[in-house]
Amino acid sequence: MIPELSRVPGVLGEISRRRLREVEGLQVPAEPVLPSPPLLSQALRLPGLSLIAEVKRKSPSQGEIAVALEAAEVARAYVAGGARAISVLTEPHYFAGSDQDLREVRAAVDVPVLRKDFTVHPVQVAEARALGASAVLLIVAVLGRLTASYLQLAEQAGLEALVEVHDEAELELALSAGARIIGVNNRNLIDLSIDRRTAPRLGRMARAAGFRGLLVAESGYNDKAQLQELEGLFDGVLIGTSLARSHNWQAAASQMTGV
Ligand SMILES: O=P(O)(O)OC[C@@H](O)[C@@H](O)c1c[nH]c2ccccc12
């Protein structure tokens with residue numbers, strides 16, 4: 001169940017290999033006492049484009065975004081601004097996230113919480129459940145053919161999965177693995193470049209291939225006008241940097257949602 005990470009190039013390979021070294025010795029956490037969290041799919045099925053707002057302190061592409069932010073406070077403001085789900089980065093080194101951020105966000109808001117991390121080991125799926133996440137991120141460029149196994153693992157743990165793709169071959173893999181929620185990342189995680197044409201292109205391709213599940217466009221959105229081309233094709237949009245960087249998180253989310 002451990003992906004072959006030596007074949008993953010660029011920054012994505014670097015982060016994933018480091019993450020594996022950090023998590024491989026961890027014990028599977030004891031069964032959570034937390035009640036079942038709300039479903040990400042339900043939030044995405046609401047009418048219009050659902051905003052998944054991300055708690056993000058820094059990133060390899062942007063450097064420092066909002067290093068001092070308080071996760072629960074930001075998440076509450078996002079929800080007040082109309083976000084229908086919260087994404088919490090828990091990778092510690094490149095993104096300055098933590099498991100504690102996720103716990104605090106879970107306790108602070110009622111909407112579904114996505115554990116945004118580089119899933120490279122089964123223990124992370126069990127951990128996500130124990131932390132109160134509704135869903136985990138599965139990056140096809142990292143997991144390759146193991147994507148289907150991790151999807152199963154997530155389902156067994158009572159979690160949904162956002163299956164992330166960036167090109168045609170990854171989309172095909174996600175579809176054949178049986179993904180129900182597909183995220184199309186506009187950012188190339190190997191060289192970190194952004195191309196906002198990626199999401200509409202792969203989104204249309206997924207629908208043309210008969211995909212009836214949920215579609216999320218990810219990365220690189222700075223204002224509401226840029227969301228227009230997603231309407232009617234995507235169910236959700238994942239926004240981090242431009243929201244986290246703003247000085248009024250509620251107003252920034254609200255500007256995107258119209259709430
Ligand atoms: O900050 P942005 O450009 O709004 O992007 C958010 C989110 O899509 C991005 O954080 C992301 C998408 N896929 C990832 C995988 C790992 C880490 C981070 C990500």
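What comes next is a walk through the structure. Owing to the predicted nature of the structure, the values given are computational and were not obtained by experimental measurement.

**Digging into the overall build of the chain**
Looking only at helices and strands, the chain features 11 helices and 10 strands. Against the compact-globule benchmark of 18 Å for 259 residues, the chain has a radius of gyration of 17 Å, which places it among compact chains. A principal-axis box enclosing the C-alpha atoms of the chain has dimensions of 45 × 40 × 35 Å. The proportion of buried residues among the 259 residues of the chain is 55%. Intrachain contacts of the chain at a sequence separation of at least 6 include 68% that bridge at least 24 residues. Working note: accessible area of the chain is about 10,900 Å², and carbon and sulfur atoms make up 50% of it. The averaged location of the 30 negative side-chain charges in the chain is 2 Å from the averaged location of its 27 positive side-chain charges.

**As for the side chain of Ser-59**
With respect to the secondary-structure elements, Ser-59 resides in strand E2 (residues 58-59). Leave out the neighbours within four places in its chain, and Ser-59 touches Ile-65, Tyr-94 and Phe-95.

**Observations regarding the nonpolar core**
The tendency in soluble globular proteins is for nonpolar side chains to be buried side by side. Counting residues in hydrophobic clusters, the biggest one holds 89 residues, and the most contacted among them are Leu-51, Tyr-78, Ile-86, Leu-230 and Phe-234. The residues touching Phe-234, leaving out its near neighbours within four places in the chain, are Leu-49, Val-184, Ala-199, Pro-200, Gly-203, Leu-215, Val-216 and Ala-217.

**Observations regarding unusual backbone geometry**
The phi angle at Ala-96 is positive, at roughly 55 degrees, despite the residue not being glycine. Of the residues examined, Ala-96 reaches a relative accessible area of 23% and is grouped as partly exposed. Positioned with a positive phi, Ser-219 is a non-glycine residue whose angle comes to about 80 degrees. You can see Ser-219 is positioned in the loop between strand E9 (214-218) and strand E10 (236-239).

The rules we used
- Residues numbered from 1 in each chain as written.
- Predicted model: local features only at pLDDT ≥ 70, side-chain atom pairs only at ≥ 80, totals over all residues.
- Heavy atoms only, no water.
- Helix = DSSP H or I, 4+ residues; strand = E, 2+ residues; numbered from the N terminus.
- Rg over C-alpha atoms; globule rule 2.2 N^0.38 Å.
- Buried < 20%, exposed > 50% of the residue type's maximum accessible area, 1.4 Å probe, protein only.
- Contact = heavy atoms within 4.5 Å.
- Areas by Shrake-Rupley, 256 points an atom, 1.4 Å probe, with all protein chains shown as cover.
- Lys, Arg positive; Asp, Glu negative; His and termini not counted.
- Charge placed at Lys NZ, Arg CZ, Asp CG, Glu CD.
- Core = buried A, V, L, I, M, F, W, Y, C linked by side-chain atoms within 4.5 Å.

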